[in-house]
Every structure is written in structure tokens, then in C-alpha cells.
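# Coordinates in review
Spelled out, the chains give:
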Amino acid sequence: MMLNIAAAFLLAQGASAFIPGTAQKPSAHVLNVFGKSGSKGTGEGWIDPCAPVNTEAAMKKTLNEALKGATFKKRLSLLGSTGSIGTQTLDIVDACPDNFQIDALSAGTNSALMAEQVLKYKPQVASLATKEAADDLKERLNAAGCEEMPEIFFGDEGTVAAATVGTADTVVTGIVGAAGLLPTIEAIKLGKDIALANKETLISGGPVINPLVEKHGINMLAADSEHSAIFQCLQGVPEGGLRRIILTASGGAFRDYSKEDLFDLCKNNPEFVQQKATTHPNWDMGAKITLDSATMMNKGLEVIEAHYLFGASYDDIDIVIHPQSIIHSMVETKDTSCIAQLGWADMRLPIVYSVSWPHRLEMPYEPLDLAKIGTLTFDKPDREKYPCIDLAYAAGNAGGTMTAVLNAANEAANEKFRANMGLGFLDIPKLIEGAMEAHKADHKVSDVTLDDILSCDEWARNYVEKESLNTATIFS
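Residues numbered from 1 in each chain as written. Predicted model: local features only at pLDDT ≥ 70, side-chain atom pairs only at ≥ 80, totals over all residues. Heavy atoms only, no water.

### Quick look at the packing of aromatic side chains
Threshold: Paired rings are identified among Phe, Tyr and Trp, the last through its six-membered ring, by centres lying within 6.5 Å, and are further divided according to the angle between planes into stacked (under 30 degrees), edge-to-face (over 60) and tilted (the rest). The helix and strand labels rest on DSSP assignments: H or I over at least four residues marks a helix, E over at least two residues marks a strand, and numbering proceeds from the N terminus. Each residue is placed in one exposure class: buried if its accessible area under a 1.4 Å probe, protein chains only, is under 20% of its type's maximum, exposed if it is over 50%, and partly exposed if it falls in between.
Within this structure, the stated rule accounts for 8 aromatic pairs. For the pair Phe254 and Tyr257, a centre-to-centre distance of 5.8 Å together with 70 degrees between the ring planes defines the contact as edge-to-face. A centroid spacing of 5.1 Å and a plane angle of 65 degrees characterise the contact between Phe254 and Phe425, whose relative ring orientation is edge-to-face. Placement of Phe254 in the loop between β9 (242-249) and α9 (259-268) and of Phe425 in the loop between α16 (402-418) and α17 (427-439) is noted, with a sequence separation of 171 residues between them. Accessibility assignment for this pair places Phe254 and Phe425 in one class, buried. Among the aromatic side chains, those forming a connected cluster through ring pairs are Phe254, Tyr257, Phe272, Phe417 and Phe425.

### Considerations on helix α8 (residues 225-233)
For α8, the tally of buried residues reaches 9 of 9 residues, placing the bulk of the element in the interior. Buried residues of α8: Ser225, Glu226, His227, Ser228, Ala229, Ile230, Phe231, Gln232 and Cys233, and no others.

### Quick notes on the nonpolar core
Stated formally: Buried Ala, Val, Leu, Ile, Met, Phe, Trp, Tyr and Cys residues that are joined via side-chain atoms within 4.5 Å together make up what is termed a nonpolar core. Contact criterion: two residues are considered in contact whenever any of their non-hydrogen atoms come within 4.5 Å of each other.
Among the nonpolar cores identified, the biggest contains 98 residues, and Met220, Phe254, Phe310, Leu406, Phe425 and Ile432 are the most heavily contacted of them. In terms of residues, this core owes the most to one element, α16, which gives 9 residues. Dropping the residues within four chain positions of it, Phe425 is found in contact with Phe254, Leu262, Cys266, Val273, Ala277, Leu291, Ala294, Thr295 and Phe417. By size, the runner-up hydrophobic cluster in this structure holds 35 residues, among which are Ile92, Ile102, Ala134 and Leu361.

### Things to note about unusual backbone geometry
Omega for the peptide link from Trp357 to Pro358 comes to 0 degrees, which places this bond in the cis form. Tracing the backbone through its elements, the reader meets Pro358 in the loop between α13 (348-356) and α14 (370-373). Despite not being glycine, Asn54 shows a phi value in the positive range, around 70 degrees. Within the element layout of this structure, Asn54 appears in the loop between β1 (2-5) and α1 (56-66). Assessed through its relative accessible area of 5%, Asn54 is described here as buried. Phi at Asn420 takes a positive value of approximately 55 degrees, unusual for a residue other than glycine. Counting through the fold element by element, Asn420 comes out in the loop between α16 and α17.

### Some details on the packing of helix α2 (residues 84-95) against helix α3 (residues 111-121)
Under the convention used in this document: Under this scheme, a helix contributes an axis fitted over its contacting stretch, all axes are lines through C-alpha atoms, and angles between N-to-C directions fall in the 0 to 180 degree range. Each angle is binned into one of four classes, with values under 35 degrees roughly parallel, values over 145 roughly antiparallel, values of 65 to 115 roughly perpendicular, and all other values oblique. Crossing handedness is defined as follows: a turn of the near helix away from the far one that is anticlockwise and smaller than a right angle gives a left-handed crossing, while the clockwise case is right-handed. Residue polarity is assigned by list, with Asp, Glu, Lys and Arg as charged and Ala, Val, Leu, Ile, Met, Phe, Trp, Tyr, Cys and Pro as nonpolar; anything else, Gly included, falls into the polar class.
For the pair α2 and α3, interaxial distance at closest approach is 13 Å and the crossing angle is 20 degrees. Put simply, α2 runs roughly parallel to α3. The handedness of the crossing between α2 and α3 comes out as left-handed. Contacts between α2 and α3 involve Thr87, Leu90, Val93 and Asp94 from the first element and Leu113, Gln117, Lys120 and Tyr121 from the second. Across the contact of α2 with α3, the residue classes tally to 4 nonpolar, 2 polar and 2 charged.

### Notes on the confidence of the model for the protein chain
Which entries qualify depends on this criterion: pLDDT runs from 0 to 100 and stands for how confident the predictor is about each residue.
When pLDDT is averaged along the protein chain, the result is 90; 90% of the residues meet or exceed 70. Below pLDDT 50 for its whole length, residues 4-35 participates in 87 contacts with residues either more than four positions away or in separate chains. A low-confidence stretch, residues 472-476 (pLDDT under 50), is modelled with 13 contacts involving residues beyond four sequence positions or located in other chains.

### Things to note about the pattern of salt bridges
Put simply, the test is: A side-chain nitrogen of Lys or Arg and a carboxyl oxygen of Asp or Glu constitute a salt bridge if their distance falls within 4 Å.
By the definition in use, this model includes 25 salt bridges. Of the charged contacts in the structure, one is a salt bridge between Arg244 and Glu332, with a shortest N-O distance of 3.1 Å. Here the residue Arg244 occupies a position in strand β9, and Glu332 occupies one in strand β11 (residues 327-333), the gap between them amounting to 88 residues. In this structure Arg244 comes out as buried when scored by relative accessible area, which is 7%. The exposure class assigned to Glu332 is buried, which follows from its relative accessible area of 1%. Here Asp452 and Lys444 are joined by a salt bridge, their closest N and O atoms 2.8 Å apart. Judged by its relative accessible area of 31%, Lys444 is partly exposed.

### Concerning the sheet that holds strand β7 (residues 193-196)
Picture the strands of a sheet paired through backbone hydrogen bonds; they go either parallel or antiparallel. Definition in use: DSSP bridges decide pairing: two strands pair if at least two such bridges lie between them.
Taken in spatial order, the 7 strands make up an open sheet running β5-β4-β3-β2-β6-β7-β8, and their pairing is parallel. For this open sheet the edge positions go to β5 (151-154) and β8 (220-222), each flanked by a neighbour on one side alone. For this sheet the average axis-to-axis angle between neighbouring strands, irrespective of direction, equals 25 degrees. Where strand β3 (residues 100-106) meets strand β4 (residues 125-128), 3 bridges bridge the pair, whose relative direction is parallel. Counted as the bridge partner of Leu105 is Ala126 from β4.

Right, here's the structure in full:
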């Protein structure tokens, strides 16, 4: 559901917790600037979007695609098929068999579920993370009498093979973390559209991805709820018409706790915090993303992703807490009108639009009932309670390789916290800030390459690995 809200959300950005060492302008960020976009009306800090929005060419492309009608047939390569995004994508395929065909599947080590998927969807390629899992898949398929055996791969090479299968025209990137970067790049080079559920691809690789999107003329389509909402709100908004992006956030596991109560729990009841942080109040998501929601790093990462997807400057991307998770995000246009996208907290809604854009398919889901919801509320995020927000803004404004360091350090700290290895909840931002500070000496802003990004990713993970051994919980 779309809603035009004649209201302005005045959200204070606050001071950053981490200030990059120089005031150097990140030239790698600056592409063709829109002369009238943004709250300042100057286009300062804005870049060319990698999503098909905000330009005359994008509007023409949208109209041309829409006029073709909804009788299309898309062939999908699905990365992360056994995870949350993957299984919900397959629910959509089941609901719309005339519109979608699965050509490739890749996943982690769940060979049992992968075998079921292969038997049902008959992909040409199937890949798992390890050789052992791939061998087990072969055994299961042979035992089941599989008559249309796919090519079976494993490891990073297998994920790339799935992403680049010749017949697929759209790749759904449902794998978590920086692992999605290389297969996405290889798929773009082959001219395949990307249904982007892996936010880290743009957060780490934005300086490399955006030029590739422009070069190969593919469609980068958001498959997560917030960026899909923004994308939907921007349909029909002319070039230069966007003033501001407003990302909504559930507030995560600790939204109903005061800063003081959360800090006290971190000190006196870390076991409770450990359990609570990995339980989301609204969404059914994977463990990594659920913890990112608790720290609100997920929203910080989404700010960076929104910058690359839609071209908005960081000064024109705000965050508002919306506990009901019904409004999935908003845009403010130059006339101060706010356009919002509404729906139940169901990840299938953004996924289906990412693979069917610009069409609207009939789906067997519960319609939104505003009377049943009753009340929608909003609040500003507490930047002291959630220091990861300011770290993300700082990394985004620094540009270049800093966002890759932010992302990798967060992934590594997130994983260590979930592994219950003695890392405290508030040690997560501490480690990330430390990595960003340590990276200042080697921070590269312009002419960033894929090798630079991968090198910084590895360095940041190693930094967290080393420092976490010496890091005591803040309140211990």
C-alpha cells in the first residue's frame, strides 16, 4: 500500500562518534550530480543512482517495461536458497509458476533441503559451500532417483557458477555478508539484473558496483523491505524531484529498553542480552541480520545502501523508529510531500516486487487492514544507545574503502557475539570504531578497486579477531 503523508519528520542527525582523519572529499563517490536534488536544492553530495530511478532514462525504462504487461517469464538464479530470503523467494515461485523458472540454486551446507529444492525446481546448477555438502547432495539426489541431475559445484567458485548460469536473466542475492560481492559483480558483467537482498554488496562494493551497473545497463532492484519501499515510492517521481529519504526502523530487540536499562543489563545480565539480541520483535530474519537490528547497525548499513541505490547524500537520509513495521520507508519530494509504502511485516512483499518490477502480480497474501492496526507511532533513535548508527554515517561520509572496513568489522564482531565467545553486546561498536580508526592511515578514497575492497575486508576481519581476544566487556 502507498500512502501520501503531508508531514515532515524532523530528525536530528547528531554528531558522529567517529570523525575521519581528513576532510578530503571522496571523489570515488561523485558521479554525475543532479542539479536540483536534495534538501539544499544544490545536489551537493548526491550521486548517480544504481537503481532505475531519479533520471529521465530510468522513467522511460520503467514505462516501457510496464507496457509489456504482466505475462512475462523470468528465469532466476537464487543465491542462498536454503536461507530466509531463499525459501521465501521459492514461495513466490510456487505462487506464480507461469512467471518464474529456477535455473540455479546455491546455499550453505544444508544438503538435505537443497536436495528437496533440486528435485522440485529442477535447476541446471546447484552449489553448496563445501565439498562434503556437495557430495552429500549428489548421494541424496541419486538415492531419490533424480532424473534431471544438475551440475553440482561447491565453494566460492560454485556460487559464481550459479550466479552466472547462462539462461538466467535475474540473480536473487540472498546470501549474507560480503560473500555476495564477487558473484554479484560477475553476474552484472554478463548483463543480468540483480534482485538485491544482500545489502553488504553495495556497502562494501559501492565504489566498484555503481560504475559496473551503469556500464552494463542492468537493473539493480532492492529486495529488502526498506529499499524496496523507497524504490516503490520513487516510481513516477521525476528527475530532481526527490528531497529526502526516510528509513524506518523497528528499533530491534531493545527498542523498549531505556539506554540506562540496556547498559545495566549488559553489565549485570549479559546472558539475557545474548539471548534477547538474537530475537527480533517483528520480522522473521536470519541470525546475523537480527543481531544487526538489535545494535541498529542494520539501519546504518541501509543508509549507505540507500546512498548508492538512490543517489541521495548522507545529509538527506534520515532514520525514524517505527515499532509497528507497517510503513517500510518514505521519501520526501521537493514540495515536502511524503510518500510512504505500507504492508505487513512480510519479506515476500519486497522480494516479489524485485523480481516482477515494474509489474504487480496477484499474490495470495493477507491484505493490509489499517483499522486492525489502529495506531502507527514514530520516534527518533537514541544515538548514544545505538552508536553503530553514527559509525555508519561516518564511514559513508568518509567514502572509499571505509565502508568495506565498517561492514567487515561488523560482520566479524557480530559472528563472535553470536558464538558466545565472551564478547559483550557493547563491545561490537567498540571493535568497529577501533577498526575504522586503525584504517585511517590506509584509507583509500579514489580509484577504489575490487582488490582494495577485498583486502580491506580481510584486514578488518583480522583486526577484530586479534582485538577481540584483548577486549573486555565495557562494563566488566
